[in-house]
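The residues making up each chain are set out below.
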Amino acid sequence: LVYRGYNIHDLAQNASFEETCYLLLHGALPTRDQLEWFERDLRFARAIPPTVIDIIDHVKAAHPMDILRTAVSATVALDESSHEATGEVALPVARRLIAQVATIVATMHRLRAGLDPVPPRHDLTHAANFLYMMFGTEPSPEHAKIIDLDLVLHAEHSSNASTFAARVAAGTAADIGSAIVAAIATLKGPLHGGAAEAVQKTVEEIGDPERAVAYIKERIEAGEKVMGFGHRVYKTDDPRAKELRGVARDLGHKMGNDRWFQILQEIERAMEPYRPKGIYPNVDFYAGAVYSLLGIPEEQFIPMFAVGRMPGWA
């Protein structure tokens, strides 16, 4: 997996999400001055209009991806400068949407939980501010770094289904907001964005590492899919899964919950006979465990994907 000529492992280990966004939007990694300007621009674009908060509150009982799609559509509709389909207009709109989608997802979570939204802060990184808006307390540097890594890993993936949908919309000379809404609508589908949620449900259903192999065998014999395995591109290990495997293991150990990782490892063992067919763990296989350990509810897993993929769509 390569972003603009850079191997994903190099970016995951050495670049922040903000640097990755700049790389995807501008085609090169930023200088120190460029990064400082870009980060400042993102930080001061995080707030969403009160009207959008009201809309989220009115539709908060809907599917989270329907809420996200509606809120993004409203945000763009209220931005009078966003309606032209030109590069000059699209770039600043892209920066604003990268910042605001994180705020929308956090606001959605708070309102669905019966809590007041937490306004964004200007002194935190994108990842740290997202966790702060979700939970109302400043996250540890370690947890912020984990979310930063996750966002980098989800930032871009060539012409996948949602990106293809965005390109179709853009190909009609529609504005960037319309293209992003088309991408979000496509991401909702369980064959694209919903696998991490399905994997975590499987882990919780299994409950005990000793039950994993028998459970997976039953699923396969019944002709059912094992979510989190296989990919339309990769016929070997998904490189993003390699990065998240160690994170899930270490985070679970530090938080006193090794069981989820042990179940995932047993599921991997049960799926080994299918590796010759190119069926390996994908990025969603470990993402769900990481999100759950950080306290992010399953219903927000697909919106989390969208927070990370914004620069790729843009």
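Here the structure is shown first, and the text comes after it.
Structure report, in brief.

1. Some remarks on the overall build of the chain
Alright, step 1. Helix and strand counts for the chain come out as 16 helices and two strands.
Alright, step 2. Seen through its C-alpha atoms, the chain measures out along the principal axes to roughly 55 × 40 × 35 Å.
Alright, step 3. When the 314 residues of the chain are sorted by exposure, 54% land in the buried category.
Alright, step 4. Restricting the contact set of the chain to residue pairs at least 6 apart, pairs at least 24 apart contribute 74%.
Alright, step 5. Counting only carbon and sulfur atoms, one obtains 52% of the accessible surface of the chain, whose full area is about 13700 Å².

2. A few points about helix α15 (residues 283-293)
Alright, step 1. For α15, the tally of buried residues reaches eleven of eleven residues, placing the bulk of the element in the interior.
Alright, step 2. Restricting attention to buried positions, one finds in α15 the residues V283, D284, F285, Y286, A287, G288, A289, V290, Y291, S292 and L293.
Alright, step 3. In this fold, the buried residues of α15 make contact with α8 (141-154), α11 (195-206), α13 (239-254), α14 (259-271) and α16 (301-313).

3. Focus: the environment of T137
Alright, step 1. Position of T137 relative to the elements: it lies in the loop between α7 (126-135) and α8.
Alright, step 2. Relative accessible area serves as the criterion here: at 52%, T137 is assigned to the exposed category.
Alright, step 3. Residues T137 and K277, 140 residues apart in the sequence, show an inter-C-alpha distance of 46 Å.
Alright, step 4. Residues contacting T137, with those up to four places away along its chain left out, are L131 and Y132.

4. Section: the layout of surface pockets
Alright, step 1. Counted as a void, the second largest pocket has a volume near 460 Å³.
Alright, step 2. Lining the second largest pocket are 24 residues, and of these A170, I176, G312, W313 and A314 sit closest to its centre.
Alright, step 3. Of all the secondary-structure elements, those providing two or more residues to the lining of the second largest pocket are α2 (17-26), α6 (87-112), α9 (161-171), α10 (176-187) and α16.
Alright, step 4. In terms of residue class, the lining of the second largest pocket is built from 14 nonpolar, five polar and five charged.

5. Concerning α8
In an α-helix, one full turn covers 3.6 residues, which means residues spaced three or four apart are oriented alike.
Alright, step 1. Along its 14 residues, α8 runs 20 Å from first to last C-alpha, staying within 8% of the 20 Å computed at 1.5 Å per residue.
Alright, step 2. With ten of 14 residues buried, α8 lies mostly within the body of the structure.

6. Things to note about the packing of aromatic side chains
Alright, step 1. If you walk through the whole model with that rule in mind, you get five aromatic pairs.
Alright, step 2. Linked through ring pairs, Y22, W37 and F38 together constitute an aromatic cluster.
Alright, step 3. Here R121 stacks its cationic end above the ring of Y132, 4.9 Å away from the centre of that ring.

7. Some thoughts on the packing of α6 against α7
The axes of two packed helices give the description: the angle between them and the distance between them.
Alright, step 1. Between α6 and α7, the least distance of the axes is 8 Å, while the angle of their chain directions is 20 degrees. The orientation of α6 with respect to α7, classified from their angle, is roughly parallel. Note on packing geometry: the crossing formed by α6 with α7 is right-handed. Judged by residue contacts, I98, A99, A102, T103, V105, A106, H109 and R110 of α6 engage H126, F130, M133, M134 and F135 from α7.

8. A few points about the pattern of salt bridges
Alright, step 1. Under the criterion given, the structure shown has 15 salt bridges.
Alright, step 2. Across the pair R121 and E138 runs a salt bridge, and its minimum N-O distance is 3.1 Å. You can see R121 sitting in the loop between α6 and α7 and its partner E138 sitting in the loop between α7 and α8, a full 17 residues away along the chain.
Alright, step 3. For the salt bridge of E298 with K201, the shortest nitrogen-to-oxygen distance reads 3.0 Å. One end of the pair, E298, is in the loop between α15 and α16; the other, K201, is in helix α11, and 97 residues separate them in sequence.
Alright, step 4. Since its relative accessible area comes to 17%, E298 is described here as buried.

Cut-offs and rules
- Residues numbered from 1 in each chain as written.
- Predicted model: local features only at pLDDT ≥ 70, side-chain atom pairs only at ≥ 80, totals over all residues.
- Heavy atoms only, no water.
- Helix = DSSP H or I, 4+ residues; strand = E, 2+ residues; numbered from the N terminus.
- Buried < 20%, exposed > 50% of the residue type's maximum accessible area, 1.4 Å probe, protein only.
- Contact = heavy atoms within 4.5 Å.
- Areas by Shrake-Rupley, 256 points an atom, 1.4 Å probe, with all protein chains shown as cover.
- 1 Å grid on protein atoms, 1.4 Å probe; cavity = no way out; pocket = protein on both sides within 12 Å on 5 of 7 lines; lining within 4 Å.
- Points joined across faces, edges and corners; volume = space filled by probe spheres on them.
- Nonpolar A, V, L, I, M, F, W, Y, C, P; charged D, E, K, R; others polar.
- Expected span 1.5 Å × (residues − 1).
- Phe/Tyr/Trp six-rings, centres within 6.5 Å; stacked < 30°, edge-to-face > 60°.
- Lys NZ or Arg CZ within 6 Å of the ring centre and 35° of its normal.
- Axes fitted to C-alpha atoms, helices over the stretch in contact; angles between N-to-C directions.
- Parallel < 35°, antiparallel > 145°, perpendicular 65-115°, else oblique.
- Left-handed = near helix turned anticlockwise from the far one by under 90°.
- Salt bridge = Lys/Arg side-chain N within 4 Å of Asp/Glu carboxyl O.

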